[in-house]
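# Structure at a glance
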Amino acid sequence: METFTSHRKRPRTRGFGLIEAMIAIFILAFGLLALAGVMAQLSQGGTRSRYMSTEAVLASEKLDDLNRFPALDPAIAVPNGISAGSLDTDITQTVGALNTTVDYFDTVQISSGNGAMQETIKQTDGAGNLIYTTTTHAPDGTVTTTNTAAPPQATSDMVTYHRRWIIENNVPVPGARRITVAVLQDNGSPRAQFQSSLVRQ
């Protein structure tokens, strides 16, 4: 009786080797790091968008306030006939025959915790003393105004915005007056800046 022997080798079954496992771990780690970077950018972009939308509201509010003044009011007058104020620095000018002191900047503080908003303007009282008038808008709709000799200090949960504006005569056409407001976030990260303008007679 003859016996037939097969000389074919059986295929060897084997699992991952050390090198394959290391490559898989490296690919997984690289993918997770890339995902973490994308998530961080999305979070930063969302925070920046929130700051920008707040600045847009604050710029619009200040433009509305300035637009309500009559054309000859010192708040929007242009003492030198060209421009008043600045978007880069805090400017205070004396305007009109009554020597009215006008500030072309103010500060707004918004609480990130309860949504309260404080708007502070610097001015002088009847005796010529420097005072800071702070108007606080609470989330429940109540509004309070206080006068202090020093500006209020921001609490740790507040984001501070600085507003500056410039008023230009005969821009963009003769007889027109352009008002531009720039809002810059003073603290927090990432910092964002917003600017808006309106034209009036």
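Residues numbered from 1 in each chain as written. Predicted model: local features only at pLDDT ≥ 70, side-chain atom pairs only at ≥ 80, totals over all residues. Heavy atoms only, no water.

## Considering unusual backbone geometry
With an omega dihedral of 5 degrees, the bond running from V171 to P172 counts as a cis peptide bond. Mapped onto the fold, P172 is located in the loop between β8 (158–169) and β9 (177–185). The phi torsion at N170 lies on the positive side, around 60 degrees, for a residue other than glycine. Structurally, the position occupied by N170 is in the loop between β8 and β9. Taking relative accessible area as the criterion, N170 reaches 45% and is therefore assigned partly exposed. (Helix = DSSP H or I, 4+ residues; strand = E, 2+ residues; numbered from the N terminus. Buried < 20%, exposed > 50% of the residue type's maximum accessible area, 1.4 Å probe, protein only.)

## Focus on a nonpolar patch on the surface
Residues L28, L32, L35, V38, M39 and L42 make up a contiguous nonpolar surface patch of roughly 610 Å² in combined accessible area. Positionally, V38 belongs in helix α1 (residues 18–67). (Patch = residues over 30% accessible without salt bridge, like charges linked within 9 Å, V, L, I, M, F, W, Y side chains within 5 Å. Areas by Shrake-Rupley, 256 points an atom, 1.4 Å probe, with all protein chains shown as cover. Salt bridge = Lys/Arg side-chain N within 4 Å of Asp/Glu carboxyl O.)

## Some details on the side chain of E55
Structurally, E55 can be placed in helix α1. For E55, the residues in contact, after removing those within four places along its chain, are Y161, V183, L184, Q185, A192, Q193 and F194. (Contact = heavy atoms within 4.5 Å.)

## Remarks on the side chain of R200
Mapping R200 onto the fold places it in strand β10 (residues 193–200). No salt bridge is formed by the buried R200; its nearest oppositely charged neighbour, D73, is found at 8.8 Å. In this structure the side chain of R200 is engaged in a polar contact, spanning 3.0 Å, whose partner is the backbone oxygen of N67. Apart from residues lying up to four places away in sequence, R200 is in contact with L66, N67, F69, P70, A71, I76, A176, R177 and I179. (Lys, Arg positive; Asp, Glu negative; His and termini not counted. Polar contact = N/O pair within 3.5 Å; in protein donor to acceptor, adjacent residues only side chain to side chain.)

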